[in-house]
Amino acid sequence: MKGSKRDQILSAYLLRIGIAVMVLLLAAYVYLRIDLSHGKAYSLEKYSRETAAKLQDRVVIKIYASKDLPGEFSTVHRYLKDILNEYKSAGKGKFTYEYARHKDSQELREQAQINGLQPIPVQVYENDQIVMKEVILGMVFESQGRFDVMNVYPGLEPTLEYEITKKIQNLDGKLLPTITVFQDSIYQYFPTQLLSGELADNYKLVVTDLDSLPQFTPVMLFTGVIADMTQKQLYNLDQYIMRGGKVVFLQDRINSDQTRAFTFDSNLFYMLAHYGVLIHPNMVLDRNGDQRRGRGLGTQISYPVYPVLRGMENSPISRGMENIVMYFASEIAALDSVNIKFTPVLQTSADSGRLPGPNFNLEAVLFPPNGLYPLGKPPITVAASVEGKLTSYFANQPELQGPGFIASRDDAHFTIFGERELYMDPDKPEYINRCFVVLNAIDHYLDNPSMIGIRSRRLFSSRLDIPYYMYRKNINPAEPLPVLNSIKSTFRTVAIVVPPLMMLLLGVV
């Protein structure tokens, strides 16, 4: 009897052990992960998952990382590993990553530099003093003999998925969507590397001068003019829209030289007004302007002529975006409320104003004699989407109509940003991603909302994040590094000591 009972107990324990072993074995082959973070920060968007799932060739990422990464570098490193695990899961065996092997920091530095990764100098707190240290954190992408590199640094988290997805799809030779670009000669003396590079990474480009009817693509990026277009150019642009092409315009009515800013005219404005949209010959002002150096040494003042805008929650193009600076923007307004639907994409704040042309008195705005320049106007639209029924600008000019002329379109679409300098590189790093709103407008017309979601992703601070904790507790010391390290040590001690104590308490109970 005793033997039978002992056998039953032994069988029960063996069964439980067997079940536990089976669960562990199954867990090794099943990838299950639930993302409960705010905004699904640790999950890939649909477009990224599809990019990894449709890889034609194997993609390998080699990570170069210093052994003891300080502070925020450790945070972005952990986030990088989480995201790469998501790509690996979606890649179905064709995506993998590994760490570069090295015997010491000097060999790591040499390997990184050979592959195009540069060390980043940072301040760290060691042995009760602040010292400079070089940190290496980056990736080398490889696929079928093709290479690309990417440095990783704090603050990159919101756009990390976007940058990785771009690298993967370009390495894999994925067929990118084709768009048309009209670029006038006005940009030949200005830096335009940022948007030009983003366009090349995201699309296959067909450049047109509009002297002939362009090859039809779903979307055209029109980068602005400062004078009249030829009749042929205007006609070909009109017929592109009438044939169903969607246009993203970067266009204002303001020009400047070294000494003044002034309005200009173009026959393009008359065609847009015929479509029901007016680009006002004014300059939009916003109290929420870029901070620039004033006349006094070291003083910073707000430049109302450089409004800094945030995206609109009801706009699929700009939702979730911020730090979109515009330099000398024009107001966009609707002239037709019957045939077209006019939807604002970007607006200024509730403390805005308008500076009339044709010659703009910038001195009165930037350095008013009696304090701040009076604004107080409600939000002003500086970018808008238009859709609806449009009649050709040449419908009543049969002598100018060519073969296959189309007189109207019921479902025409275009978007206007009231600043052509969105094509140019900003002069401050905090505005480096302002061109994303232009790419979002293109992808909106390409029906690619997932890519818009990747670019516009907003990552929220964790309540366990030390800088966020210091912000909530209003801890703002003169020397933040020692305080940061002290709080970190306290958190680490609590994390090590508390779990065993809880287990001990549970065991006693």
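Anything mentioned here points back to the structure above.
Residues numbered from 1 in each chain as written. Predicted model: local features only at pLDDT ≥ 70, side-chain atom pairs only at ≥ 80, totals over all residues. Heavy atoms only, no water.

*Asks:* Would you mind showing me how to read the overall build of the chain here?
*Replies:* Scanning the chain from N- to C-terminus turns up 13 helices and 22 strands. Put simply, the chain has 509 residues, and 43% of those count as buried. Of the contacts formed within the chain by residues at least 6 apart in sequence, a portion of 73% connects residues at least 24 apart. Accessible area of the chain: about 27300 Å², with a carbon and sulfur share of 55%. (Helix = DSSP H or I, 4+ residues; strand = E, 2+ residues; numbered from the N terminus. Buried < 20%, exposed > 50% of the residue type's maximum accessible area, 1.4 Å probe, protein only. Contact = heavy atoms within 4.5 Å. Areas by Shrake-Rupley, 256 points an atom, 1.4 Å probe, with all protein chains shown as cover.)

*Asks:* Could you clarify how one ought to interpret the packing of aromatic side chains in this entry?
*Replies:* Given two aromatic rings, their pairing is described by the distance between the two centres and the angle made by the two planes. Scanning all chains against the criterion turns up 14 aromatic pairs. Each ring, one from Y306 and one from Y327, has its centre 4.9 Å from the other, and the planes form 90°; the classification is edge-to-face. With Y306 in strand 16 (residues 300–309) and Y327 in the loop between strand 17 (324–325) and strand 18 (332–334), the pair connects residues that are 21 residues apart, well separated along the chain. Y306 sits in the buried class, given a relative accessible area of 17%. Ring pairing ties together the aromatic residues F182, F222, F249, Y275 and F414, which thus form one cluster. (Phe/Tyr/Trp six-rings, centres within 6.5 Å; stacked < 30°, edge-to-face > 60°.)

*Asks:* Just checking my understanding: could you explain the nonpolar core for this structure?
*Replies:* As a rule of thumb, soluble globular proteins bury nonpolar side chains together. Counting residues in hydrophobic clusters, the biggest one holds 39 residues, and the most contacted among them are L199, L221, V248, L346 and F417. Looking at this core, the elements that each hand over two or more residues are strand 7 (178–182), helix 6 (193–202), strand 9 (219–222), strand 10 (246–250), strand 19 (340–347), strand 21 (381–391), helix 10 (436–445) and helix 11 (449–455). Among the elements that line this core, the one with the most residues is helix 10, at 7 residues. Not counting residues within four places of it along the chain, the set of residues in contact with V248 comprises V219, M220, L221, F222, T415, F417, V438, A441, I442 and Y445. (Core = buried A, V, L, I, M, F, W, Y, C linked by side-chain atoms within 4.5 Å.)

*Asks:* Explanation requested: unusual backbone geometry in the structure shown.
*Replies:* Across residues other than glycine, the phi torsion is negative in most instances, and most of the peptide bonds are trans. P358 follows G357 through a cis peptide bond whose omega is 5°. Position of P358 among the secondary structure elements: in the loop between strand 20 (352–356) and helix 9 (362–366). Positive phi values are uncommon outside glycine, yet K92 reaches one of about 55°. With respect to the secondary-structure elements, K92 resides in the loop between helix 3 (71–90) and strand 2 (95–99). For D447, which is not glycine, the phi dihedral falls at a positive 60°.

*Asks:* It is not clear to me how the sheet that holds strand 19 should be interpreted in this structure. Could you clarify?
*Replies:* Pairing is mixed in the open sheet, where 7 strands are placed in the order 8-7-9-10-22-21-19. With one partner strand each, in any of the chains shown, strand 8 (204–208) and strand 19 form the two edges of the open sheet. The mean angle between the axes of side-by-side strands here comes to 20°, regardless of whether they run parallel or antiparallel. The sheet contact formed by strand 9 and strand 10 spans 4 bridges and is parallel. In the sheet register, M220 faces strand 10, and the bridge partner there is V247. Helix 7 (residues 231–242) rests against strand 7, strand 9, strand 10, strand 21 and strand 22 (408–417) of the sheet, and its axis sits at about 130° to strand 10. (Pairing = 2+ DSSP bridges. Axes fitted to C-alpha atoms, helices over the stretch in contact; angles between N-to-C directions.)

*Asks:* Would you mind going over the pairing of strand 1 (residues 59–65) with me for this structure?
*Replies:* Consecutive side chains of a regular strand alternate in pointing toward one face of the sheet and then the other. With 6 of 7 residues buried, strand 1 is to be regarded as a mostly interior element. For strand 1 and strand 2, the ladder comprises 5 bridges, and the chain directions are parallel. Bridge assignment links I63 to a residue of strand 2, and that residue is Y99. As a crossover connection, the stretch from strand 1 through helix 3 into strand 2 is right-handed. In terms of strand pairing, strand 1 meets strand 5 (residues 137–143) through 6 bridges, oriented antiparallel. The residue of strand 5 that forms the bridge with V60 is E142. (Right-handed = clockwise from strand over helix to strand, strands pointing away.)

*Asks:* It is not clear to me how the pattern of salt bridges should be interpreted in this structure. Could you clarify?
*Replies:* It is possible for side chains of opposite charge to pair when their charged atoms get near one another. In this structure the tally under the stated criterion is 20 salt bridges. The shortest N-O distance in the salt bridge between K166 and E163 comes to 3.4 Å. Separated by 3 residues within a single helix, K166 and E163 lie in helix 5 (residues 157–171), roughly one turn from each other. In terms of burial, K166 and E163 fall into one category: buried. The partner of R253 in a salt bridge is D265, and the shortest N-O contact between them spans 3.3 Å. Placement of the pair is R253 in the loop between strand 10 and strand 11 (254–256) and D265 in the loop between strand 12 (261–263) and helix 8 (267–275), with a sequence separation of 12 residues. Beyond isolated ion pairs, a larger network of salt bridges with shared partners links E163, K166, E198 and D201. (Salt bridge = Lys/Arg side-chain N within 4 Å of Asp/Glu carboxyl O.)

*Asks:* What exactly am I supposed to notice about the pairing of strand 5 here?
*Replies:* Counting buried residues in strand 5 gives 6 out of 7 residues, a clear majority hidden from the surface. What sits between strand 5 and strand 6 (residues 146–151) in their antiparallel hairpin is a turn of 2 residues, with Q144 showing a positive phi close to 50°.

None of the figures reported here should be taken as evidence of function without further support.
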